[in-house]
Amino acid sequence: MQPESEKAADNPFARSLHFSSAALSREVEKLAIECFRPSGLHPSLAYIVRILSYISFTNPSFLAKSLLLSPSTMTRLLDKLEKKDIIYRLEYDGIRMVSLTPKGHESVLLLGECENAFRQRYRAILGEERAKQLSGMMNETTDLLRGKGDCRNADAKSGGESRYLPAKLRIMGTRDTSRKVEAAYLQKAISYEAYVALIDDLVAKGQTTGPDQSEAFIHYTVLNQQRMRRWEKTMQLLPAAEAAIRSITHPQTWLVLTEAWCGDAAHITPIMQALAALNPLITLRFLMRDDNLELMDRYLTNGVSRSIPKLIGLDTATLEELFTWGPRPAVLQANFMQLKQAGVEFHAIKEELQRWYNKDKTISVQEELSALAAGASASSIGMTA
């Protein structure tokens, strides 16, 4: 006996939400798997990789909440990625963390292409407007059901903690209007030219920024002065990074927390200046971290570290946070954490960081900053229809 119609709308259970959503899920899954096949990863694994590409490393609980999955499901997915040498696990201050391997970072670009192919396919089938409406309706329905998920009491509301994406991911994926930087910080911030002049003056006086005026920190400042000058002369901007920065049409302010003795800052701040100079809508300003610890403590790396440089991208008109970046490129941060966990001496770690910057030739910083500033994080991480 054959059914009269194979259309979902003609099915006897067509009015069942479970039947309809399951049927839709199977078709979407088939299409997504087909589009992600070139990467060798299931779409569920791909989204984990793409989140990690933006936040360097995080804990499995954060990933589970970000993708609305149970902790046990996330553990199984991470096991698969670990077997493929895409991620590795580590402990940081007693907290279990996850980060991408070099192989994982290499896969990010292809995963973005797969996501774009998937988006183009379903938009071609559904039409762009219907695709947007469907995504919005499904997300709203999911949130409603997660808020009222007890079948025994349809009016019982659950606690809201897991209903929404964690703040860190919202910041990277969309404009987060929940955090602003007070205008007073911008009023005392200085330009790149003033920052360089400050370092030159301090070096001439045998001093550095911040309360620690040790010989080591003063020596680091002298080295950093030389590094900054070298990058200013030798840096070559990537055409893709230039195009991304020039595409920005809404005024942004890049507020950077730094110190003259910071080695990472010496390699990175000249790149920030070169990129910002490409677009008159971007204002670049600097604050010394140790003079502004109240602000620094809002932007701790992984909630524990006052690592610098830390760039806070702001809407110039409202001073609402658009994105954050720092203290170093994602690949280098992963290497740093591996070395630290392995018990490598700090001096040796610093030398390895310097070698990495010299070999990378500013490419990673250019790619990451230009993508974030141009608003690429939302589409790249798959958070738009």
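Here, every reference points to the structure presented above.
The rules we used
Residues numbered from 1 in each chain as written. Predicted model: local features only at pLDDT ≥ 70, side-chain atom pairs only at ≥ 80, totals over all residues. Heavy atoms only, no water. Salt bridge = Lys/Arg side-chain N within 4 Å of Asp/Glu carboxyl O. Helix = DSSP H or I, 4+ residues; strand = E, 2+ residues; numbered from the N terminus. Buried < 20%, exposed > 50% of the residue type's maximum accessible area, 1.4 Å probe, protein only. Patch = residues over 30% accessible without salt bridge, like charges linked within 9 Å, V, L, I, M, F, W, Y side chains within 5 Å. Areas by Shrake-Rupley, 256 points an atom, 1.4 Å probe, with all protein chains shown as cover.

With respect to the pattern of salt bridges
Should their charged atoms come close, side chains of opposite charge can pair.
Thinking step 1. Evaluated as defined, the whole model comprises 14 salt bridges.
Thinking step 2. The residue Glu-182 makes a salt bridge to Arg-298 at a minimum N-O spacing of 2.9 Å. Placement of Glu-182 in the loop between β4 (176-180) and α8 (183-188) and of Arg-298 in the loop between α13 (293-296) and β7 (310-315) is noted, with a sequence separation of 116 residues between them.
Thinking step 3. The salt bridge partner of Arg-246 is Glu-242, with a shortest N-O separation of 3.5 Å. Taken as a pair, Arg-246 and Glu-242 lie in helix α11 (residues 239-246) at a separation of four residues, close to a single helical turn.
Thinking step 4. According to the relative accessible area criterion, Glu-242 is partly exposed, its value standing at 25%.

Details of unusual backbone geometry
Thinking step 1. The residue after Ile-308, namely Pro-309, is reached through a cis peptide bond having omega 5°.
Thinking step 2. Its place among the elements puts Pro-309 in the loop between α13 and β7.
Thinking step 3. The phi torsion at Leu-68 lies on the positive side, around 55°, for a residue other than glycine.
Thinking step 4. Counting through the fold element by element, Leu-68 comes out in the loop between α3 (60-66) and α4 (71-83).
Thinking step 5. The exposure class of Leu-68 is partly exposed, given its relative accessible area of 36%.
Thinking step 6. Of note, Leu-319 is a non-glycine position whose phi angle comes to about 65°, a positive value.
Thinking step 7. On the secondary structure map, Leu-319 appears in the loop between β7 and β8 (320-325).

Regarding a nonpolar patch on the surface
Thinking step 1. Together, Leu-24, Val-28 and Met-138 make up a nonpolar patch on the protein surface, roughly 220 Å² of accessible area in all.
Thinking step 2. Turning to its location among the elements, Val-28 is positioned in helix α1 (residues 17-36).
Thinking step 3. A relative accessible area of 38% places Val-28 in the partly exposed class.

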